[in-house]
Structure formats: C-alpha cells, structure tokens
Amino acid sequence: VQLVESGGGLVQPGGSLRLSCAASGFTFSSYFMRWYRQAPGKERELVATISNGGGSTNYVDSVKGRFTISRDNAKNTVYLQMNSLKSEDTAVYYCYLRLLGKHYWGQGTQVTVSS
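Since we're looking at a predicted model, the values are computed, not measured.

With that settled, consider the state of the cysteines. Every disulfide links exactly two cysteines, by a covalent bond between their sulfur atoms. Here the structure, examined in full by the defined rule, presents one disulfide. Two residues, C21 and C95, share a disulfide whose sulfurs are 2.1 Å apart. Taking the sign of the S-S torsion, about -85 degrees here, the bridge from C21 to C95 comes out left-handed. You can see C21 sitting in strand β3 (residues 17-24) and its partner C95 sitting in strand β9 (residues 91-99), a full 74 residues away along the chain. Owing to a relative accessible area of 0%, C21 belongs among the buried residues under this scheme. On the basis of relative accessible area, C95 is assigned to the buried category, the value being 0%.

Have a look at this one:
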C-alpha cells in the first residue's frame, strides 16, 4: 500500500488549495478514504471522510462549508479542495486508509496559511 499526497503550499488567508492523494497497492474503489491534519503542538485530527463510492462524505465542524473531499476511482486518487482558508488551517495534511485492521498513512503535505 502506498499513499502519496501532493498540493500543499503557502497560501494567503481566504485563498484555496487542492490536495491530492494518489493511492496504490490495494483495490481503491472498495475502501473509505480519509484526510487528517496535524497542527504544531496539537494532536492529529480527522478532517474529512469519503465512502468507497464517493456518495457519502463527512467533515469536522471547523471545515464544513469550506472543504470538499472527493475521489476519482478511475485514477485511484482522493482530493481535498480547501477554500476560504484560515490561519488555523495551517497543518500537515495526511491521507489515511484503514485496510484489514491496519493503518496506512501518507507522508503528509504541509499547508501554511499566512499573509
């Protein structure tokens, strides 16, 4: 299993970024996928979840209405569209998969929201 995130960077408050997570080594279309984030000095938190078919999504309250999780099962990729970014969104963002009781994480991508 391999999860590779991309798309992070430095953005001004109010700006947008789209994160991508390219997955391989398993049947992508069969599994829920999640995005987590970890800010400096804080615990890792679940940001968004998407069902295997993409028809069901969930978000932490702090990002509802601003972030959108989506997936392309033909490309084995999950996305996180982040709009109206705030300084408190600054964190390392991780793609996550639970597969047969095991936990898999990507390497993370840094998102910094600052003027």
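Below, the discussion takes up the sheet that holds β3. Taken in spatial order, the four strands line up as β1-β3-β8-β7 in an open sheet, and their pairing is antiparallel. The sheet terminates laterally at β1 (2-6) and β7 (67-72), the two strands that pair on one side only. Neighbour to neighbour, the strand axes of the sheet diverge by 15 degrees on average, direction disregarded. Sheet topology places β7 next to strand β8 (residues 77-82); six bridges connect them, and they run antiparallel. In the sheet register, D72 faces β8, and the bridge partner there is T77.

The subject of this paragraph is the pairing of strand β10 (residues 102-105). Pairing of β9 with β10, which is carried by four bridges, proceeds in the antiparallel orientation. By the bridge assignment, L97 is partnered in β10 with Y104. The hairpin formed by β9 and β10 contains two residues between the paired strands, and L100 there has a positive phi angle of roughly 50 degrees.

Take the nonpolar core next. One finds M33, W35, V78, L80, M82 and Y93 to be the most contacted residues of the largest nonpolar core, which totals 28 residues. At the level of elements, β3, β4 (33-38), β5 (45-50), β7, β8, β9 and β11 (109-113) are the ones that each hand at least two residues to this core. For this core, the leading source of residues is β9, giving five residues. Here Y93 is in contact with E5, L19, W35, Y36, R37, V47, F67, L80, M82, G108, T109 and V111, once residues within four sequence places are set aside.

Summarising the element assignment, T68 is placed in strand β7. Given the relative accessible area of 42%, T68 is considered partly exposed. In this structure, the C-alpha to C-alpha distance between T68 and M82, residues 14 residues apart in sequence, is 6.6 Å. T68 has contacts with Y59, Y79, L80 and Q81, leaving out every residue within four places of it along the chain.

Rules behind the numbers
- Residues numbered from 1 in each chain as written.
- Predicted model: local features only at pLDDT ≥ 70, side-chain atom pairs only at ≥ 80, totals over all residues.
- Heavy atoms only, no water.
- Disulfide = S-S within 2.5 Å.
- Helix = DSSP H or I, 4+ residues; strand = E, 2+ residues; numbered from the N terminus.
- Buried < 20%, exposed > 50% of the residue type's maximum accessible area, 1.4 Å probe, protein only.
- Pairing = 2+ DSSP bridges.
- Axes fitted to C-alpha atoms, helices over the stretch in contact; angles between N-to-C directions.
- Core = buried A, V, L, I, M, F, W, Y, C linked by side-chain atoms within 4.5 Å.
- Contact = heavy atoms within 4.5 Å.

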